[in-house]
Amino acid sequence: MAEPYITLVSSLPYLPPFEQAERSPITRLRLEQRLHNLDADDARQLAEAEALVSWRMSLAKPKTDAEMVLRSRAAMQHISQPALCEFIEFRIDQQVILSGLRQRNAGADASALEPITAASRWVRYMTAHWDDPNFKLAAIYPWIAQAHRYLDSNNASALDSLMMHVIWQRLGRITENNRFGFEAVFAFVFKWDILQAWLARDAAQAKSRFQDLIKEIKNDS
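Below is a short write-up of the structure. None of the values given here were measured: they were computed from a predicted structure. (Residues numbered from 1 in each chain as written. Predicted model: local features only at pLDDT ≥ 70, side-chain atom pairs only at ≥ 80, totals over all residues. Heavy atoms only, no water.)

### Examining the overall build of the chain
- Scanning the chain from N- to C-terminus turns up nine helices and zero strands.
- Each helix and strand of the chain, ordered N terminal to C terminal, gives the series α-α-α-α-α-α-α-α-α.
- Taking contacts inside the chain between residues at least 6 apart in sequence as the whole, the part at least 24 apart equals 70%.
- Approximately 12300 Å² of the chain is accessible, and the part contributed by carbon and sulfur atoms is 51%. (Helix = DSSP H or I, 4+ residues; strand = E, 2+ residues; numbered from the N terminus. Contact = heavy atoms within 4.5 Å. Areas by Shrake-Rupley, 256 points an atom, 1.4 Å probe, with all protein chains shown as cover.)

### Things to note about unusual backbone geometry
- Even without being glycine, K136 reaches a positive phi, approximately 55°.
- In this fold, K136 is placed in the loop between α6 (123-128) and α7 (143-152).
- A positive phi angle is found at N154, which is not glycine, with a value near 60°.
- Position of N154 among the secondary structure elements: in the loop between α7 and α8 (156-177).
- For N154, a relative accessible area of 69% puts it in the exposed group. (Buried < 20%, exposed > 50% of the residue type's maximum accessible area, 1.4 Å probe, protein only.)

### Quick word on α8
- Counted at 1.5 Å a residue, the expected span for α8 with its 22 residues is 32 Å, and the 32 Å between its end C-alpha atoms agrees.
- Of all the residues in α8, the buried ones are A158, L159, S161, L162, M163, M164, V166, I167, W168, L171, I174 and T175. (Expected span 1.5 Å × (residues − 1).)

### Regarding the packing of aromatic side chains
- Taken as a whole and judged by the stated rule, the model has 11 aromatic pairs.
- Ring geometry for W122 against Y125: centres 5.7 Å apart, planes inclined by 75°, an arrangement best described as edge-to-face.
- Y125 gets classed as partly exposed once you look at its relative accessible area, which sits at 29%.
- Aromatic pair W130 and F135: ring centres 5.6 Å apart, planes at 35°, arrangement tilted. (Phe/Tyr/Trp six-rings, centres within 6.5 Å; stacked < 30°, edge-to-face > 60°.)

### With respect to α7
- Burial in α7 covers these residues: W143, I144, A145, A147 and L151.
- For α7, the elements touching its buried residues are α5 (82-105) and α8.

### Some points on the side chain of R91
- Mapped onto the secondary structure, R91 falls in helix α5.
- Among buried charged residues, R91 stands out as having no salt bridge; its nearest opposite-charge side chain is D193, 6.7 Å away. (Lys, Arg positive; Asp, Glu negative; His and termini not counted. Salt bridge = Lys/Arg side-chain N within 4 Å of Asp/Glu carboxyl O.)

### Points about the nonpolar core
- Grouped together as the largest cluster of nonpolar side chains are 66 residues, with contacts concentrated most on F87, W143, F186 and F190.
- Of all the secondary-structure elements, those providing two or more residues to this core are α1 (6-10), α2 (28-35), α3 (40-53), α5, α6, α7, α8 and α9 (182-220).
- Considering each element in turn, this core owes the most residues, 14 residues, to α9.
- Among all residues touching W143, those that are not within four sequence positions of it are Q94, I97, L98, L162, M163 and V166. (Core = buried A, V, L, I, M, F, W, Y, C linked by side-chain atoms within 4.5 Å.)

### With respect to the packing of α3 against α5
- Where α3 contacts α5, the two axes come as close as 11 Å, and the packing angle between them is 5°. Taken together, the axes of α3 and α5 lie roughly parallel to each other. Across the interface between the two elements, Q45, L46, A49, L52 and V53 from α3 touch L84, F87, I88, R91, I92 and Q95 from α5.
- Per-class residue counts for the contact of α3 with α5 are eight nonpolar, two polar and one charged. (Axes fitted to C-alpha atoms, helices over the stretch in contact; angles between N-to-C directions. Parallel < 35°, antiparallel > 145°, perpendicular 65-115°, else oblique. Nonpolar A, V, L, I, M, F, W, Y, C, P; charged D, E, K, R; others polar.)

### Details of the environment of T27
- Here T27 lies in the loop between α1 and α2.
- For T27 and W192, which are 165 residues apart along the polypeptide, the C-alpha to C-alpha distance reads 9.4 Å.

Below, the structure is given as structure tokens:
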């Protein structure tokens, strides 16, 4: 198996499991410096994928489901790396399933998914099994049952953590397929993105807890 990026991958630091991380081992600037060693076309494909399915989606996050469909279909026409295509499809499928769970949880019927029919292979299947708690997809996506429970209990934080963990595991398996190829590079980038999002959320929660504590002290005084 070809290992075109052995030097690049070897220059990347170890990423601890995001839930155990206290800080990021590399800044975005330093990461970008290393990514300059990517082939130009690989770099372009990675940038398009990041804009579409990175956790934070900082680049023009779609405002509607219909916009997500248009953007995903346009991006897939310009992405030829098989493993990256598969990861994008996995992330879009995940987003579509979550959208279905949320829509149903809010009382919508199966027609709510019509605007995103073209986004995922599972939309028609989900509409056909709308009344099943897991859309009869639990055997393929074991996380659906837990996601369903978190939505029912309105536990957005736990749902986010679950989805991050699912993606992290998927990226780990992708890396194992080619430890010094493009797969390892884009898996690192998307893992880094998850870690950054986790650290930012943890910092925001810590600030919120601190502010609540200050309010309690003021109210008691």
